[in-house]
Amino acid sequence: MTPQSSGALTTMRLLAQGRDLRTVAPGEVIFQAGELGNSVVGILEGEVRIDWAGGRESERLGPGSTFGVGALLDAPHLRFGTATAQLDAQLLEMKREEFLFALQELPMFALEMLHGLEERLGDLKRASGELSGPPPA
């Protein structure tokens, strides 16, 4: 499972205050590859598996991780992967306007999210054989 900083989780908890959260059970599909997406998802509790390339590649994400950010970058956006809860999970979903407001109110959220995306990309490249060597310290 890709670890995230405690700072990212703390920031996400601040963003979640007073908001409706999505609760998912193990095995529940959060979104599927090919679906239209319009929100980014943050994990407050639990674990989510993302399957890529028709299930040939996957990653596990835990508290403090975000996924589905592509939906905020281009519209309309089709999801690239399938996200499935592995454990009971509490999720924070943000549409573009909510996400932009969050970045304005808590700028560190953007840096934490970019750092997490960089780590995930490196993990995926290593898993697919595109990179060799140990993960960065």
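Heads up: these notes are all about the structure in this document. Source: prediction; values computed, not measured.

1. With respect to the overall build of the protein
Moving on, step 1. Broken down by element type, the protein carries 4 helices and 10 strands.
Moving on, step 2. Secondary structure elements of the protein, listed N to C terminal, follow the sequence α-β-β-β-β-β-β-β-α-β-β-β-α-α.
Moving on, step 3. By the burial criterion, 39% of the 137 residues in the protein qualify as buried.
Moving on, step 4. For the protein, the proportion of contacts with a sequence separation of at least 24, taken over those separated by at least 6, is 77%.
Moving on, step 5. In the form shown here, the protein has an accessible surface area of approximately 7800 Å², with 56% of it arising from carbon and sulfur atoms.

2. Brief notes about the packing of aromatic side chains
Centre distance and the angle of the planes are the two values used to describe a pair of aromatic rings.
Moving on, step 1. Within the structure shown, the criterion is met by 1 aromatic pair.
Moving on, step 2. Between Phe31 and Phe67 the ring centres are 5.7 Å apart and the planes differ by 45°, which places this aromatic pair in the tilted class. With Phe31 in strand S2 (residues 29–31) and Phe67 in strand S7 (residues 66–67), this residue pair connects regions lying 36 residues apart in the sequence.
Moving on, step 3. Overall, Phe31 belongs to the buried group, its relative accessible area being 7%.

3. Some remarks on the side chain of Thr11
Moving on, step 1. Along the chain, the position of Thr11 falls in helix H1 (residues 6–16).
Moving on, step 2. Judged by its relative accessible area of 10%, Thr11 falls in the buried class.
Moving on, step 3. The residues contacting Thr11, other than those within four sequence positions of it, are Leu106, Phe109 and Glu112.

4. Some details on the sheet that holds strand S5 (residues 48–52)
Moving on, step 1. Strand order across the open sheet formed by 4 strands is S2-S9-S5-S6, with antiparallel pairing between neighbours. Unpaired on one side and paired on the other, S2 and strand S6 (57–61) mark the two borders of the sheet. Geometrically, the sheet is characterised by an average inter-axis angle of 25° between neighbouring strands, direction not taken into account.
Moving on, step 2. Two elements, S2 and strand S9 (residues 82–85), share 2 bridges in a ladder whose sense is antiparallel. Its bridge partner being in S9, Phe31 is matched across the sheet by Ala83.

5. Thoughts on the environment of Asn38
Moving on, step 1. Here Asn38 is to be found in the loop between strand S3 (36–37) and strand S4 (39–45).
Moving on, step 2. Linking Asn38 and Pro76, residues 38 residues apart in sequence, is a C-alpha distance of 7.8 Å.
Moving on, step 3. Apart from the residues within four sequence positions on either side, Asn38 is in contact with Ala71, Leu72, Arg79, Met94, Lys95 and Arg96.

6. Quick notes on the sheet that holds strand S10 (residues 89–95)
Moving on, step 1. Spatially, S1-S10-S4-S7 is the arrangement adopted by the 4 strands of the open sheet, whose pairing is antiparallel. Each having just a single partner strand, strand S1 (22–24) and S7 make up the two edges of the open sheet.
Moving on, step 2. Of the strand pairs in this sheet, S4 and S7 are connected by 2 bridges, and their pairing is antiparallel. When the bridges of S7 are listed, Gly42 appears paired with Thr66.
Moving on, step 3. Sitting on the sheet, H1 touches S4, S7 and S10, and the angle it makes with S4 is about 110°.

Reading the values: rules and limits
Throughout this document, residue positions are counted from 1 along each chain, in the order its sequence is written. Thresholds applied to this predicted model are a pLDDT of at least 70 for local features of residues and 80 or more for the giving and counting of side-chain atom pairs; totals over whole chains, interfaces and linings are not thresholded and use all residues. Hydrogens and water are ignored here; the side-chain numbers use all heavy atoms of the structure. Secondary structure counts use DSSP, requiring at least four H or I residues in a row for a helix and at least two E residues in a row for a strand, with both numbered from the N terminus. Each residue is placed in one exposure class: buried if its accessible area under a 1.4 Å probe, protein chains only, is under 20% of its type's maximum, exposed if it is over 50%, and partly exposed if it falls in between. Any two residues whose heavy atoms approach within 4.5 Å are treated as being in contact. Here the accessible surface of atoms and residues is derived via Shrake-Rupley with a 1.4 Å probe, and residues count as covered only by protein chains that are part of the display. In summary, the pairing rule links any two rings of Phe, Tyr or Trp, Trp by its six-membered ring, whose centres are within 6.5 Å, and it sorts them by plane angle into stacked for under 30 degrees, edge-to-face for over 60 and tilted for everything else. Only strands that DSSP links by at least two bridges are regarded as paired with each other. Angular values range over 0 to 180 degrees, each being the angle between N-to-C directions of two axes fitted as lines to C-alpha atoms, with helices fitted over their stretch in contact.

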